[in-house]
Amino acid sequence: MAIKQVLKMGDPVLLAVAKPVDRLDTPELHALIQDMHDTMESLNGAGLAAPQIGVGLQVVIFGFEKNQRYPDAGEVPFTVLINPQLTFLSEEKEDDWEGCLSVPGLRGMVPRYAQLRYQGVDQYGTVIDRNVNGFHARVVQHECDHLQGILYPMRIRDFRLFGFTDVLFPGQTVIDD
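Residues numbered from 1 in each chain as written. Predicted model: local features only at pLDDT ≥ 70, side-chain atom pairs only at ≥ 80, totals over all residues. Heavy atoms only, no water.

**Looking at the sheet that holds strand 2 (residues 59–64)**
Here is step 1: Here we have five strands laid out as an open sheet, ordered 1-2-3-6-7, and antiparallel in their pairing. The sheet is open, and its two edges are formed by strand 1 (47–49) and strand 7 (127–133), each paired on a single side. The average undirected angle you get between the axes of adjacent strands in this sheet is 35°.
Here is step 2: Bridge analysis of strand 1 against strand 2 gives three bridges, and the strand direction is antiparallel. Within strand 2, the position partnered with Leu-48 by the bridge is Ile-61. (Pairing = 2+ DSSP bridges. Helix = DSSP H or I, 4+ residues; strand = E, 2+ residues; numbered from the N terminus. Axes fitted to C-alpha atoms, helices over the stretch in contact; angles between N-to-C directions.)

So this is what it looks like as structure tokens:
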């Protein structure tokens, strides 16, 4: 389909709460998901939320076998998740570095729940219900935050651990977020 422009932090669309999808398996929904996939792949993203390309619907995609932006992350199965619901399975949180296609060139240390259950449907209405942890859980939380108008810098607790990727990690190959 098409590679779309990813909105950047500061755009008011990224701060809006997305609306639930009420019609599944439509040509418009399939086109949106294909555009999101093409856009995410072109930028080596780990995930993408519909609001990031200017569409205020509760649609996220995520997944990869290997990702050069997150070389230490394990495989995350490609998933289309619509109208997601998250349930945190413990109070335990883990801090780790995050970047975002809507916040290019920056990274920050973000606390996320270590284990969660996510539920929703795919574009055909097939129920998705998974318990996950680690990077998989982090990616789901990050993408679902976009549906609530939350960008990862809003979750940072210590702004000494937020900055430009090439400054925070000198000498490393920098993949622009």
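Still more ground to cover, so stick around.
**Looking at helix 1 (residues 27–42)**
Here is step 1: Here helix 1 is 16 residues long and its end C-alpha atoms lie 22 Å apart, about the 22 Å a rise of 1.5 Å per residue gives.
Here is step 2: For helix 1, the complete set of buried residues consists of Leu-29, Leu-32, Ile-33, Asp-35, Met-36, Asp-38, Thr-39 and Met-40.
Here is step 3: Buried residues belonging to helix 1 abut strand 1, strand 2 and strand 3 (76–88).
Here is step 4: Note on helix 1: the residue one or two positions beyond its end, Asn-44, has a positive phi of about 55°. (Expected span 1.5 Å × (residues − 1). Buried < 20%, exposed > 50% of the residue type's maximum accessible area, 1.4 Å probe, protein only. Contact = heavy atoms within 4.5 Å.)

**Overview of the side chain of Gln-141**
Here is step 1: As for its placement among the helices and strands, Gln-141 is situated in helix 2 (residues 134–147).
Here is step 2: Given a relative accessible area of 5%, Gln-141 falls into the buried group.
Here is step 3: In this structure the side chain of Gln-141 is engaged in a polar contact, spanning 2.9 Å, whose partner is the backbone oxygen of Tyr-113.
Here is step 4: The residues contacting Gln-141, other than those within four sequence positions of it, are Leu-86, Phe-88, Arg-112, Tyr-113 and Leu-116. (Polar contact = N/O pair within 3.5 Å; in protein donor to acceptor, adjacent residues only side chain to side chain.)

**A look at the pattern of salt bridges**
Here is step 1: Here the structure, examined in full by the defined rule, presents eight salt bridges.
Here is step 2: A salt bridge links Arg-112 to Asp-145, with the shortest nitrogen-to-oxygen separation between them at 2.7 Å. In this pair, Arg-112 sits in strand 5 (residues 103–113) while Asp-145 sits in helix 2, placing the two residues 33 residues apart along the sequence. A single burial state applies to Arg-112 and to Asp-145, both of which are buried.
Here is step 3: Ionic contacts of the salt-bridge type, sharing partners, join the residues Glu-98, Arg-112, Arg-138, Asp-145 and Arg-155 into one network. (Salt bridge = Lys/Arg side-chain N within 4 Å of Asp/Glu carboxyl O.)

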